[in-house]
Amino acid sequence: MDLRHIALLFLITFCGIEPCTNTLKADETPIVIDRESHEVQGKTTYQKTFSAPNNPTEFALLFDQKLTKQSSGGYWNVIINEKVLGRLEAHTPQIDENKDHDGFHRIGFAIPANVLKSGENTLSITGRGQPAVLRNFVLEPRSLREALQLGTVTVKVNTPEGRPVAARITVVNELGQLAKLYNARKLTTAVRPGILYTLGTGDTFELPPGKYTLYTTRGMEWSVFSQPIIVQSHQSQNHSFVITREVDTTGFVACDSHIHTLPGSGHGNATYEQRMITIAGEGIEVAVATDHNHITNYRKYQKPTGTETQFHSISGDEVTTRNGHFTAFPLDPDKAVPGGVKGKNPLFLKNDNWDELIADMRKKGAEVIILNHPYWPSIPEGPFGRFRFNRSTGQRGEGPAFNFNGYEVVQPANKIPDFFYALEDWMSLLNRGLKLTAVGATDSHTVNNPVGQARTYLESSTDNITEIVPREVYRAFTECRAVAAAGIFANLKLQGQYHMGDLVPAEALPDNSKSQDSKLTASLRVASPSWVRPREAMIYVNGKQVAHQPIKTVPNQPTNETLEFLIDRPPHDAYVVAFVVGDGITLPGWTTYGKASQAITNPIFLDVDGDAKYSSPRATATKLIANFRDQHGKLTTALQSKLLESDAVKADPAILLHVTDLLKQSSAQQP
């Protein structure tokens, strides 16, 4: 073959290849479906037709999304040609994120092979979720991994001893925003934008190229580990994060008594399996299942998810009415729920009679009944507001008796102006004579909101989760042997030996007749992890603050301080509680719902009069009035004034308040 033939063959070959090359490049060109912005909200959905070739392999759909509020049971589904590609998920705004950003996130969905058909196709976003704005829809003729140039990140979480530990990993980009994680979901993880709950043994997710920071947390007893990383296209990296137990809670177990799932409650976004992982990842040791009017059995899901030794589960129910919500436990998942029928009931029960419902809860086995978020959805609309609660005397203008065991004083859903508000109302009820345990709980419905951010520490004879005694759990709730906490752990003792829920006998109290030993000694241990800063501790007797101390903390160091207080012996029976308040937390993944962290100890009761029992300020006021009447006969206006000026009444503001209230009621009832 001469040179002319060779040149001709080369030209034919080149010309033959060129059209194929142009076709291949054309096929790789992204198809713009829609550049405009569109809002989906309420019944307004999105639909667009576009032309495309068939996809013999995975393609990708990319677009910008602005969705800041979590959906709760209703979702926007992304659909092409009746094939659901996935659902929209919120990138919850973070306190410290860059506020100059427009709030849009570029996200992608994989389109499985052969979903597209040559010619006309339909893209739909339908459902019912939170308002979202979408724009810049592009079809990429490449896999999602190729289209987003995803890099792979593998993480393990260990204790200093090298043992895997369940935790939450929060991923933010260089703007401080939660970043969408790709290809991370499996049975032993719980994943949302910027969030990976893991059992610590090793999990992988993918991210587009960029700079990120990973925060590893495990609730309020553990340290935080943060790690900046740079993700490069198609590159892999491995990390082992070490977190340390920084708060010693020996003698107590951490409980969240108010937890929901999507299948059990009908709203929220946590599946049963995901809920198991989130409970483990926040270091909760006792978890009470409280779906709305439905009894969930967590134990069925603990073994498949490998969490059977991570926490002790109790089946309960949030008995939900339009007149208030109650947590009740334990309950049998195989039996009828209180106020309803076996199985899952409507969100609200028709019966809203507290007396009947609480009687039914007890009948069905509930040993603990807690009034939930009494200030939700607002102070006027919550049970306290509707029953015309008097914040001074604890009286209700109407409504049923408060015959439950406690209520949620530390609760994200409580709509209150400050933390003192709920504390003061609780002490007003104690002054009136109600023995109500202050409870901390989250009411978490989603993976996003941390379980146990508000929690109750329960007195326990064991710190081994597998040895937790249910009877002790119930006793702690019913006998005030507990601490309500959000970021800070506290434990109050009197005279070095009496604990929350105890009755201090008269012989153990100081003698006021002896000048040197007339003070009652209160010891308050305050502990928090290195990323929480307690500021002040206060001691209250019968609702009156009698002492306070600042708390010494060192930045970025755990706090473990025992504060000593000397308190005057009260003139009458009394109770003593402590309140600790600290800074709010802005840490990604554990941002506090309010502007402060806190702890509330439950009462230690004082038997001052030596009758081997505790009398509340109102009961003492009733007794003082009766004794005065026995001495002087009918209580005229002058005698009432004399009683109010007496040392026995004036010595305690709570007793003075209730004597005044009782006399006023007595005068109003006289003809």
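Residues numbered from 1 in each chain as written. Predicted model: local features only at pLDDT ≥ 70, side-chain atom pairs only at ≥ 80, totals over all residues. Heavy atoms only, no water.

Undergrad: Looking at this model, I keep getting lost on the overall build of the protein chain. Mind explaining?
TA: In terms of regular secondary structure, the protein chain is built from 13 helices and 36 strands. In the protein chain, which comprises 671 residues, the proportion classed as buried is 55%. Surface exposure of the protein chain reaches about 28,400 Å², of which carbon and sulfur atoms provide 50%. The positive charge centre, built from 67 side chains, and the negative charge centre, built from 70, are 3 Å apart in the protein chain. (Helix = DSSP H or I, 4+ residues; strand = E, 2+ residues; numbered from the N terminus. Buried < 20%, exposed > 50% of the residue type's maximum accessible area, 1.4 Å probe, protein only. Areas by Shrake-Rupley, 256 points an atom, 1.4 Å probe, with all protein chains shown as cover. Lys, Arg positive; Asp, Glu negative; His and termini not counted. Charge placed at Lys NZ, Arg CZ, Asp CG, Glu CD.)

Undergrad: Any chance you could explain the side chain of Ser-597 here in plain terms?
TA: Residue position: Ser-597 is located in strand E35 (residues 596-601). On the basis of relative accessibility, which here comes to 0%, the residue Ser-597 falls in the buried class. Only 2.8 Å separates the side chain of Ser-597 from the backbone oxygen of Asp-583, close enough to count as a polar contact. Residue contacts for Ser-597: discarding those within four places in its chain leaves Ala-486, Gly-487, Ile-488, Val-532, Val-580, Val-581, Gly-582, Asp-583 and Gly-584. (Polar contact = N/O pair within 3.5 Å; in protein donor to acceptor, adjacent residues only side chain to side chain. Contact = heavy atoms within 4.5 Å.)

Undergrad: Can you walk me through unusual backbone geometry in this structure?
TA: For residues that are not glycine, phi is negative in most cases, and the peptide bond is trans in most cases. Cis peptide bonds are those with omega within 30 degrees of zero, and the linkage from Phe-329 to Pro-330 qualifies with -5°. By secondary structure assignment, the location of Pro-330 is in the loop between strand E22 (324-329) and helix H6 (354-363). A cis amide bond, omega 0°, links Trp-376 with the succeeding residue Pro-377. Relative to the helices and strands, Pro-377 is located in the loop between strand E23 (368-371) and helix H7 (383-386). We note that His-234 has phi near 60°; this positive angle belongs to a residue other than glycine. If you trace the backbone, His-234 turns up in the loop between strand E16 (225-231) and strand E17 (236-242). At Asn-542, a position not held by glycine, the phi torsion is positive, near 50°.

Undergrad: Is there a simple way to think about the sheet that holds strand E3 (residues 46-52) in this case?
TA: To summarise the sheet geometry, strands pair through backbone hydrogen bonds and adopt either a parallel or an antiparallel arrangement. Ordered in space as E3-E8-E5-E6, the 4 strands form an open sheet in which the pairing is antiparallel. In the strand order of this sheet, the two ends are held by E3 and strand E6 (83-87), each with one partner. In this sheet, neighbouring strand axes are inclined to one another by 20° on average, regardless of whether the strands run parallel or antiparallel. In the sheet, E3 pairs with strand E8 (residues 119-127) via 7 bridges, with the strands oriented antiparallel. Looking across to E8, one finds that Ser-51 is bridged to Glu-120. (Pairing = 2+ DSSP bridges. Axes fitted to C-alpha atoms, helices over the stretch in contact; angles between N-to-C directions.)

Undergrad: Where do I start with the nonpolar core in this structure?
TA: Inside soluble globular proteins, nonpolar side chains tend to come together where they are buried. Leu-494, Leu-524, Phe-565, Val-580 and Leu-606 are the most contacted members of the largest nonpolar core, which has 57 residues in total. Per element, the largest residue contribution to this core is 5 residues, and it comes from strand E30 (residues 519-528). With residues up to four places along the chain from it excluded, the contact list for Leu-494 reads Val-504, Leu-520, Thr-521, Ala-522, Val-576, Ile-604 and Leu-606. Counting 46 residues, the second-largest nonpolar core is a separate cluster that includes Leu-371, Val-409, Tyr-421 and Met-538. (Core = buried A, V, L, I, M, F, W, Y, C linked by side-chain atoms within 4.5 Å.)

Undergrad: Hey, could you run me through empty space enclosed by the protein in this one?
TA: A water-sized probe, rolled over the atoms, reveals where empty space remains. Counted under the stated rule, the structure contains 1 cavity of 30 Å³ or more. Its boundaries defined by the atoms lining it, the largest cavity holds a volume of some 30 Å³. In this structure, the largest cavity is lined by Val-253, Leu-458, Glu-459, Ser-460, Ile-468, Val-469, Glu-472 and Val-473. Among the secondary structure elements, those contributing two or more residues to the lining of the largest cavity are strand E26 (455-459) and helix H9 (470-478). Its residues assigned to classes, the lining of the largest cavity shows 5 nonpolar, 1 polar and 2 charged. (1 Å grid on protein atoms, 1.4 Å probe; cavity = no way out; pocket = protein on both sides within 12 Å on 5 of 7 lines; lining within 4 Å. Points joined across faces, edges and corners; volume = space filled by probe spheres on them. Nonpolar A, V, L, I, M, F, W, Y, C, P; charged D, E, K, R; others polar.)

Undergrad: Quick question: what am I supposed to make of the domain arrangement of the protein chain here?
TA: Accessible area lost when the parts come together is the quantity often used to give the size of an interface. Splitting the protein chain by domain gives domain 1 (31-148), domain 2 (151-242), domain 3 (248-486), domain 4 (488-615) and domain 5 (618-668). Averaged C-alpha coordinates put domain 3 and domain 5 at centres separated by 38 Å. Listed per partner, the contact involves 5 residues of domain 3 and 6 residues of domain 5. Buried surface at the junction of domain 3 and domain 5, both sides included, amounts to about 490 Å², of which 51% is carbon and sulfur. Together, Thr-393, Asn-431 and Arg-432 form the three largest contributors to the area buried by domain 3 at its contact with domain 5, with a combined 75%. Between the two partners, domain 3 and domain 5, sit 0 salt bridges. At the junction of domain 3 and domain 5, the tally comes to 1 residue pair in polar contact (both at pLDDT 80 or more). For the side of domain 3 that touches domain 5, a count of residues per class yields no nonpolar, 4 polar and 1 charged. (Domains from an automatic or database assignment. Buried area = accessible area lost by both parts, 1.4 Å probe. Salt bridge = Lys/Arg side-chain N within 4 Å of Asp/Glu carboxyl O.)

Undergrad: Sorry if this is basic, but what is going on with the sheet that holds E23 here?
TA: Across the sheet, which stays open at both edges, the 5 strands sit in the order E21-E22-E23-E24-E25 with mixed pairing between neighbours. One side of each edge strand has no neighbouring strand; the edge strands of this open sheet are strand E21 (317-321) and strand E25 (437-440). Strand-to-strand twist across the sheet, computed as the mean angle between neighbouring axes with direction ignored, equals 35°. In this structure, strand E24 (residues 406-410) lies alongside E25, joined through 4 bridges in parallel fashion. By the bridge assignment, Tyr-407 is partnered in E25 with Ala-438. The sheet contacts of helix H8 (residues 419-432) involve E24 and E25, and relative to E24 the element is tilted by about 155°.

Undergrad: Please clarify how the packing of aromatic side chains should be interpreted in this entry.
TA: The relation between two aromatic rings is expressed through the spacing of the ring centres and the mutual angle of the planes. Throughout the structure, instances matching the rule amount to 23 aromatic pairs. Here the aromatic rings of Tyr-375 and Phe-384 are separated by 5.4 Å at their centres, their planes lie at 80°, and the arrangement is edge-to-face. Their ring planes at 70° and their centres at 5.4 Å tell us that Phe-384 and Tyr-407 sit as a pair that is edge-to-face. Of this pair, Phe-384 sits in helix H7 while Tyr-407 is found in strand E24, placing the two residues 23 residues apart along the sequence. Take Phe-384: its relative accessible area is 3%, and that puts it in the buried class. Residue Tyr-407 is classed as buried on the basis of its relative accessible area of 0%. (Phe/Tyr/Trp six-rings, centres within 6.5 Å; stacked < 30°, edge-to-face > 60°.)

Undergrad: Hey, could you run me through the layout of surface pockets in this one?
TA: One number sums up the size of the largest pocket: a volume of about 1,000 Å³. As for the largest pocket, its lining consists of 36 residues, of which Gln-70, Pro-412, Asp-443, Thr-446 and Asn-449 are closest to the centre. Tallied by class, the residues present in the lining of the largest pocket amount to 12 nonpolar, 20 polar and 4 charged. If you trace the second largest pocket, you find 25 residues lining it, with Arg-218, Trp-222, Arg-245, Glu-285 and Ile-465 closest to the centre. Of the residues assigned to the lining of the second largest pocket, the class counts are 8 nonpolar, 9 polar and 8 charged. For the lining of the second largest pocket, the two domains that each supply at least three residues are domain 2 (151-242) and domain 3 (248-486).

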